[in-house]
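Geometric and topological summary
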Amino acid sequence: PMRLVPLLIALASVGLGESELRARPLADPLTFGTPSEIAIVTDLALKVQTASSPSHVLALADEALRKLPNQTKARGLVQLARAEVFHRTRGVLEAQAVVEEAVRLLPDDSKPLMLAAYIFTYSEQPERAVDYYLRAGLIDQEQLRSIESYDVEALFRRLRFKDVG
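In this report, we go over the structure that sits alongside the text.

Reading guide: rules and limits
- Residues numbered from 1 in each chain as written.
- Predicted model: local features only at pLDDT ≥ 70, side-chain atom pairs only at ≥ 80, totals over all residues.
- Heavy atoms only, no water.
- Helix = DSSP H or I, 4+ residues; strand = E, 2+ residues; numbered from the N terminus.
- Buried < 20%, exposed > 50% of the residue type's maximum accessible area, 1.4 Å probe, protein only.
- Axes fitted to C-alpha atoms, helices over the stretch in contact; angles between N-to-C directions.
- Parallel < 35°, antiparallel > 145°, perpendicular 65-115°, else oblique.
- Left-handed = near helix turned anticlockwise from the far one by under 90°.
- Contact = heavy atoms within 4.5 Å.
- Nonpolar A, V, L, I, M, F, W, Y, C, P; charged D, E, K, R; others polar.
- Phe/Tyr/Trp six-rings, centres within 6.5 Å; stacked < 30°, edge-to-face > 60°.

Attention now goes to the environment of arginine 157. Following the sequence through the fold, arginine 157 ends up in helix H9 (residues 149-164). Overall, the relative accessible area of 40% leaves arginine 157 in the partly exposed class. For the pair arginine 157 and proline 126, spaced 31 residues apart in the sequence, the C-alpha separation amounts to 9.4 Å.

Our next topic: the environment of tyrosine 122. Locating tyrosine 122 in the fold gives a position in the loop between helix H6 (110-121) and helix H7 (126-139). Taking the C-alpha atoms as reference, tyrosine 122 lies 7.0 Å from valine 92; in sequence the two are 30 residues apart.

Another point: the packing of H6 against H7. Contact geometry of H6 with H7 gives a least axis separation of 8 Å together with a crossing angle of 160°. Taken together, the axes of H6 and H7 are roughly antiparallel relative to one another. Considering the relative orientation of H6 and H7, their crossing is left-handed. Across from Ser110, Leu113, Met114, Ala116, Ala117, Tyr118, Phe120 and Thr121 in H6, the residues of H7 making contact are Pro126, Arg128, Ala129, Tyr132, Tyr133, Arg135, Ala136 and Ile139. By residue class, the composition of the contact of H6 with H7 is 12 nonpolar, 2 polar and 2 charged.

Another point: the packing of aromatic side chains. What the rule picks out here adds up to 2 aromatic pairs. Ring geometry for tyrosine 118 and tyrosine 122: centres 5.2 Å apart, planes at 55°, overall tilted. Exposure remark for tyrosine 122: the relative accessible area of 21% places this residue in the partly exposed category. When the ring of phenylalanine 120 is compared with that of tyrosine 132, the centres are 5.6 Å apart and the planes differ by 35°; the resulting orientation is tilted.

In structure tokens:
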């Protein structure tokens, strides 16, 4: 079971360069679902490491989602990976719904909350980013210390602009 941990961490960061997220490793993989669900996520994690492009990663993740139709933590982990790719390649609008499903399916994990906060910082809804940051901090206070000053300043600017506008 412990050999799955690096695979799940790799899946969550989808191998597309250094992530803005400084979240701690995901919880014990055995808590992410049944053995068959874990096998699907593990298979995806292995395939993602050799994916040729973000669109290839998304195709692999979509295939895994078809195998995970139920609202489970395993599905949440796949959605977390998809949200990371969406926000890097397609922008915040497309990433929002995907990351919100990951947050809903992984309620005790700060990683989807941190990604949601980052995504909503650069959207038209910065107040939601604040909510996600606060929720992440309740789970893991170290998360709040890891936020880059640039992102904090961007969030404050957007909040101030909303108050004025």
